[in-house]
Amino acid sequence: MKPIVSMGGCSPPVRRARRALGWIAGLAALAATQGAAAETLLRARLASDILSTEPGGRRDGNTDDVLAHVVEGLVAYRENGEVGPMLAKSWTISPDRRTYTFRLRTGVTFHNGQPLTAADVVWSIKRYLQPSTHWRCASEFGPQGIGRIIGVAGPDPRTVVLTLDRPAPLLLQTLARPDCGQTGVLHPSSVGPDGTWRAPIGTGPFMIGAWKRNQYIDLVRFPRYASLPGPRDGDGGGKHALVDRVRFIVIPDSSAARAALLRGSLDVIDSLSPTELGGVVGDRRVRLQYAATGDFWLLMLQTRDPLLADARLRRAIALTIDSAALTKAVTWGTSRPDNSPVPSTSSYWTPFQARLRKVDLAEARRLARAAGYRGQAIRLTTNRRFPQMFDAAILIQAMARRAGIRFTIDTVDWANEVQRYSAGDYQGLVFSFSVRMDPAMDFDLLIGDKTKDPRKVWASPAAQALLDQASRSDDPVTRQAVFDALQRDFLQETPAVVLFNATRISATRANVVGFKEWPAAQQRLWGVGFCGARSC
Amino acid sequence: MLSYVARRLLLALPTLVLVALAVFFLIRLAPGDPALVMLGEGADKAAVADMHRELGLDQPLPAQFLTWAGHVARGDLGRSISSGEPVAALILTRFRLTATVVVIAVTLATFIAVCAGMLAAWRQDTKLDMAIVGASTLVLAIPSFWLALLLLLLFGLKLGWLPFVGYVPFSEAPVQAALFVVLPILTLTVGQSGVLTRMMRSSAIEVMQLEYVTHARAKGLSEAAVLRRHVFPNAFAPTLTLVGLTLGHLLGGIAVIETVFTLPGLGRLMVDSILARDYPVVQGCLLFTAVVYIAVNLVVDLCYPIFDPRVTAS
């Protein structure tokens, strides 16, 4: 209100202008007092709205993140990438490794007050497996997946028995996957009598509140939440709601999000664009966190393409790429280069995986010549939705040119790029895969028969055999040897060049406590609260 | 008058049919599959095929068009592929906000343009004229997203006077909602006032050189009366045409401004739908925009006689 007080000596037009500004400031203050309520409200950014409230159904990364606060599965990923208990207290596996018997925790209630029973788990799993649900992970339990579920039963209220047609060591990892909605257990009243989706009635620390499409979604603290003991651990462990309400605000523009954080209109930005770092580094109102994730960015090379079918040319391309320099430029120095499909956050990532391919232009030229390459243009597809992909394409083009390899860049929109990826319709494609918590799942993204599934990058029977071996085994030593062998073959055959594992940058207001990034690249707001009005 | 309106509306029908045909087939020509966008990079072929079947995308294009056109004729624009919401309701909700911002901004810009344009024409070739022309050229040259960011940083962040994220509708918190739209309105007003001012100035200069204006002055009328009664009505008609075109154009969506200020308006809906290949929403938005465009221009045409009595509906 200062402008009004100090306007005494001004001319009438200036006075009027100041009065108007004073009114605006006054209204702003009034609005601010309206927003301030007794309850604690934590505001976090979503770059785009969630697609639905249906776990693992109509979804994207934002949908998974929000719903992870609302629903829980039998098991959940821990911080170290292992799977731990969530709604299941324990489980046993039959000697033939086809039957899993889960013992449920007691005292767990749904948001509608009903106790969790085996019948709810059976109903949820059966519902996920119905084609009409469009469950993201239904195919994992189909003929091409990890194993088909041939039976799910609840012999007593605390026991669930899940039977598969063959041993599936990746069952628990798959059930816990964030993009599968963690196979969240729902109360049957989440759907209407005709089976249509209503809202998730789960067991998580927050309940769904108001959802104003493209504006915000509110989650309200569930007062009767039964937390696991101990500290927060990935998607499991102690999950305490420290605020009354969480509001995910949809802010598409990253500059606007940064400005909102600095102003105090926002408390958490979970995935801050590296380009926005300059505006917040060193600002005492903000705390930054950097965490390596399992997301990996890569250049995919179409092995069915007449030109790129020769592995020598693909290796030549790889030898021109300075991964360290590219990663530094593309991620503004926030991520580390990595040429392995095994993410650096995995326990299977050893010094063997950490080795970077050295740039060797002379060898690249020799290999390209030996492959019969005569300077033909190679089409490199990228997009501008993810600026890092576009920047990476530009750098790959420049680096390859030093060895006489010519890329032409084809910039398309994201929907088009996804279609090209799915159809295998590309020569080179800059792409990224979101985190998978087990390296077998990462390799599974790449390895496969291109005639059956054109999006697969690496059609190698030997690699497929190794992958099957990794998927069948749960012995860490055996699996490490398999992943090392896969890594060796991958570098030799070069169906793709892994560039880096992304680092996730988060920014919180200085008075926010408990926020922690983790390798799953997933926003967690349980265990997050405030320590004071401005800072701690 | 009524027959004129009816004739114009009838003439609009073929335009709308052409628009419907164009938007339906053009969006499908663009590469990209809504099912793939929705299901993500890990989706298997069976799931994608299921989704196609559910969305009716497995049908031949003419069959899809006829189904859609039949629903549109009954006032049903379908449901969003991404969110499952009815498209008509989605568009109307978003349009309310866009229309509020655009109508206020264009009204303000028109008022500024009339005042500044008349003043510049009246003081042609003076420093004042040059200042107005210079300022309007400057605001014309500033990209709207940059201006929006500057205003956001100044009034939102630096001075902290106005909110810019977390929009709430008028029905929930009128004061807060009003404050939220100040910056988008300001951005649009500044941007649009430039082009309208230049048009108003050039029209007014043209009119001022006509004999009847000299005659009015010779009669001894004051400058204010000459400008108000003889120059303004005739000079405003071309500007009104431009106002109509601007309104029609902006009501179709102000995506950039809505994105920067996180306003859930029609422009953002359209951009998001195009990126997600949400066919029903894209088709609905474009058809709706065409209807708005036609309606706005009809209203503008009907307003001409107010300013220029020589123009009649007949």
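Everything numeric here is computed off the predicted structure, so don't read it as measured data. (Residues numbered from 1 in each chain as written. Chains lettered and ligands numbered in written order. Predicted model: local features only at pLDDT ≥ 70, side-chain atom pairs only at ≥ 80, totals over all residues. Heavy atoms only, no water.)

## Observations concerning the overall build of chain A
Counting its regular elements, chain A contains 15 helices and 21 strands. Computed over its C-alpha atoms, the radius of gyration of chain A comes to 26 Å, within 12% of the 24 Å expected for a compact globule of 536 residues. With the C-alpha coordinates aligned to their principal axes, the bounding extent of chain A is approximately 85 × 70 × 40 Å. When the 536 residues of chain A are sorted by exposure, 57% land in the buried category. On chain A, the mean spot of the 69 positive side-chain charges and the mean spot of the 49 negative ones are 6 Å from each other. (Helix = DSSP H or I, 4+ residues; strand = E, 2+ residues; numbered from the N terminus. Rg over C-alpha atoms; globule rule 2.2 N^0.38 Å. Buried < 20%, exposed > 50% of the residue type's maximum accessible area, 1.4 Å probe, protein only. Lys, Arg positive; Asp, Glu negative; His and termini not counted. Charge placed at Lys NZ, Arg CZ, Asp CG, Glu CD.)

## A look at the pattern of salt bridges
Residues and elements named next belong to chain A. For the coordinates displayed, the defined rule picks out 34 salt bridges over all chains. Of the charged contacts, one joins arginine 103 and aspartate 156 as a salt bridge, the two residues approaching to 3.4 Å between their closest N and O atoms. With a gap of 53 residues between them, arginine 103 in strand 5 (residues 99-104) and aspartate 156 in strand 6 (residues 149-156) connect regions that are remote in the sequence. Classification of arginine 103 by relative accessible area gives partly exposed; the value is 35%. Within the structure, one salt-bridge network assembled from shared partners comprises Glu39, Asp218, Arg245 and Arg247. (Salt bridge = Lys/Arg side-chain N within 4 Å of Asp/Glu carboxyl O.)

## Overview of the state of the cysteines
Residues and elements named next belong to chain A. On inspection of all chains with the given rule, the structure shows one disulfide over all chains. Residue pairing for cysteine 137: its cysteine sulfur links by disulfide to cysteine 180, the two sulfurs lying 1.7 Å apart. Given an S-S torsion of about -80 degrees, the disulfide between cysteine 137 and cysteine 180 has left-handed geometry. One end of the pair, cysteine 137, is in the loop between helix 4 (118-129) and strand 6; the other, cysteine 180, is in the loop between helix 5 (171-176) and strand 8 (206-212), with 43 residues separating them in the sequence. The exposure class of cysteine 180 is buried, given its relative accessible area of 0%. (Disulfide = S-S within 2.5 Å.)

## Some details on the sheet that holds strand 6 of chain A
All names here are of chain A. Strand order in the open sheet formed by four strands is 4-5-7-6, and the pairing between neighbours is antiparallel. Edge positions in the open sheet fall to strand 4 (88-93) and strand 6, since each of these has one partner strand only. Strand-to-strand twist across the sheet, computed as the mean angle between neighbouring axes with direction ignored, equals 20 degrees. Its contacts with the sheet put helix 4 on strand 5, strand 6 and strand 7 (159-164), and the angle it makes with strand 6 is roughly 165 degrees. (Pairing = 2+ DSSP bridges. Axes fitted to C-alpha atoms, helices over the stretch in contact; angles between N-to-C directions. Contact = heavy atoms within 4.5 Å.)

## So, the interface of chain A and chain B
Counting residues at the interface gives 46 residues for chain A, matched by 50 residues for chain B. Overall, the association of chain A and chain B removes approximately 4200 Å² of surface from exposure, summing both partners, and the carbon and sulfur fraction of that is 59%. On the chain A side of the interface with chain B, the three residues burying the most area are A:Arg58, A:His134 and A:Arg263, jointly 15% of the side's total. The interface formed by chain A and chain B includes three salt bridges. Salt-bridge contacts for A:Asp413 lead to B:Arg277; the nearest nitrogen and oxygen are separated by 2.7 Å. The interface formed by chain A and chain B holds seven residue pairs in polar contact (both at pLDDT 80 or more) in total. (Buried area = accessible area lost by both parts, 1.4 Å probe. Polar contact = N/O pair within 3.5 Å; in protein donor to acceptor, adjacent residues only side chain to side chain.)

## What to know about helix 11 (residues 223-251) of chain B
Most pronounced at B:Val231, the bend in helix 11 of chain B amounts to some 50 degrees, and the proline B:Pro233 follows within four residues. Positive backbone phi, at 130 degrees, marks B:Gly253, one or two positions downstream of helix 11 of chain B. (Bend = angle between axes of the 7 residues up to and from the residue.)

## What to know about the nonpolar core
If you look at the biggest cluster of nonpolar residues, it comprises 131 residues, and the most contacted ones within it are A:Phe102, A:Met300, A:Ile317 and A:Ile405. Leave out the neighbours within four places in its chain, and A:Ile317 touches A:Leu299, A:Leu301, A:Leu308, A:Ile378, A:Ile405 and A:Phe407. Residues A:Ile269, B:Leu77, B:Ala113 and B:Val300 belong to the second largest nonpolar core, which totals 87 residues. (Core = buried A, V, L, I, M, F, W, Y, C linked by side-chain atoms within 4.5 Å.)

## Some remarks on the environment of B:Ala178
Note that B:Ala178 resides in helix 8 (residues 174-180). Take B:Ala178: its relative accessible area is 35%, and that puts it in the partly exposed class.

## A few points about the side chain of B:Gln64
Residues and elements named next belong to chain B. Looking at the secondary structure, you find glutamine 64 in helix 4 (residues 61-73). There is a polar contact of 3.4 Å between the side chain of glutamine 64 and the backbone oxygen of leucine 57. Once residues within four sequence positions are removed from consideration, glutamine 64 is found in contact with Phe24, Arg28, Gly56, Leu57 and Gln59.

## Quick word on the packing of aromatic side chains
Evaluation of the coordinates by the stated rule reveals 23 aromatic pairs over all chains. Seen from their ring centres, A:Tyr348 and A:Phe483 are 5.0 Å apart, and the 70 degrees between their planes marks the pair as edge-to-face. Of the two residues, A:Tyr348 sits in the loop between strand 15 (336-337) and helix 9 (351-354) while A:Phe483 sits in helix 15 (residues 476-493), which places them 135 residues apart along the sequence. Three or more aromatic residues joined by ring pairs form one cluster here, namely A:Phe296, A:Phe386, A:Trp414, A:Tyr421, A:Phe431 and A:Phe433. Between A:Arg247 and the ring centre of A:Tyr216, over which it is positioned, the NZ or CZ distance is 3.9 Å. When the ring centre of B:Phe24 is taken as reference, the NZ or CZ atom of B:Arg28 above it lies at 3.8 Å. (Phe/Tyr/Trp six-rings, centres within 6.5 Å; stacked < 30°, edge-to-face > 60°. Lys NZ or Arg CZ within 6 Å of the ring centre and 35° of its normal.)

## Considerations on a nonpolar patch on the surface
Together, B:Ile104, B:Leu108, B:Phe111 and B:Ile112 line one region of the surface with nonpolar side chains, adding up to about 360 Å² of accessible area. Looking at the element boundaries, B:Ile104 is found in helix 5 (residues 87-122). (Patch = residues over 30% accessible without salt bridge, like charges linked within 9 Å, V, L, I, M, F, W, Y side chains within 5 Å. Areas by Shrake-Rupley, 256 points an atom, 1.4 Å probe, with all protein chains shown as cover.)

## Examining the domain arrangement of chain A
Think of interface size as the accessible area that goes away when the parts come together; that is how it is often given. All names here are of chain A. The domains assigned to chain A are domain 1 (75-183), domain 2 (254-293 + 503-530) and domain 3 (296-501). For domain 1 versus domain 2, the separation of C-alpha centres amounts to 33 Å. Contacts between the two partners involve four residues from domain 1, matched on the other side by six residues from domain 2. Summed over both sides, the interface of domain 1 with domain 2 buries roughly 370 Å², with 48% coming from carbon and sulfur. Applying the counting criterion to the domain 1 and domain 2 interface returns two salt bridges. Measuring nitrogen to oxygen at the nearest pair gives 3.2 Å for the salt bridge that ties glutamate 79 to arginine 524. Here the residues of the side of domain 1 that touches domain 2 are counted per class, giving one nonpolar, one polar and two charged. (Domains from an automatic or database assignment. Nonpolar A, V, L, I, M, F, W, Y, C, P; charged D, E, K, R; others polar.)

## Considerations on the pairing of strand 16 (residues 377-383) of chain A
Residues and elements named next belong to chain A. Counting buried positions over the seven residues of strand 16 gives five, a clear majority of the element. The pairing of strand 16 with strand 17 (residues 406-412) spans seven bridges and is parallel. Bridge pairing links threonine 382 to threonine 411 in strand 17. Following the chain from strand 16 across helix 11 (residues 387-401) to the adjacent parallel strand 17, one finds a crossover that is right-handed. Bridge count for strand 16 against strand 18 (residues 428-433) is two bridges, and the pairing is parallel. From the neighbouring strand, leucine 380 faces strand 18, where its bridge partner is glycine 428. (Right-handed = clockwise from strand over helix to strand, strands pointing away.)

## A look at helix 1 (residues 2-29) of chain B
In an α-helix there are 3.6 residues to a turn, and that puts residues three or four apart on one side. All names here are of chain B. If you check helix 1, its first and last C-alpha atoms are 40 Å apart, about what 28 residues at 1.5 Å a residue would give, namely 40 Å. When helix 1 is considered as a whole, its buried residues turn out to be Tyr4, Val5, Ala12, Leu16, Ala20, Val23, Phe24, Ile27 and Arg28. In this fold, the buried residues of helix 1 make contact with helix 4 and helix 14 (279-307). (Expected span 1.5 Å × (residues − 1).)

## Focus on the confidence of the model for chain A
Residues and elements named next belong to chain A. Looking at chain A, the pLDDT average stands at 89 and 92% of residues meet or exceed 70. Note that pLDDT drops below 50 for residues 1-17; the model gives that stretch 11 contacts with residues more than four away or on any other chain. Note on residues 27-37: pLDDT under 50 across the span, and nine contacts to partners over four residues away in sequence or across chains. (pLDDT = per-residue confidence, 0-100.)

## A closer look at the packing of helix 5 of chain B against helix 14 of chain B
Residues and elements named next belong to chain B. The N-to-C vectors of helix 5 and helix 14 enclose an angle of 55 degrees; their axes lie 10 Å apart at closest approach. When the axis of helix 5 is compared with that of helix 14, the two are oblique. Of the two possible hands of crossing, helix 5 and helix 14 adopt the one that is right-handed. Contact residues: Val87, Leu90, Ile91, Leu92 and Phe95 in helix 5; Pro280, Val281, Gly284, Cys285, Phe288 and Val292 in helix 14. Split into classes, the residues belonging to the contact of helix 5 with helix 14 amount to 10 nonpolar, one polar and no charged. (Parallel < 35°, antiparallel > 145°, perpendicular 65-115°, else oblique. Left-handed = near helix turned anticlockwise from the far one by under 90°.)

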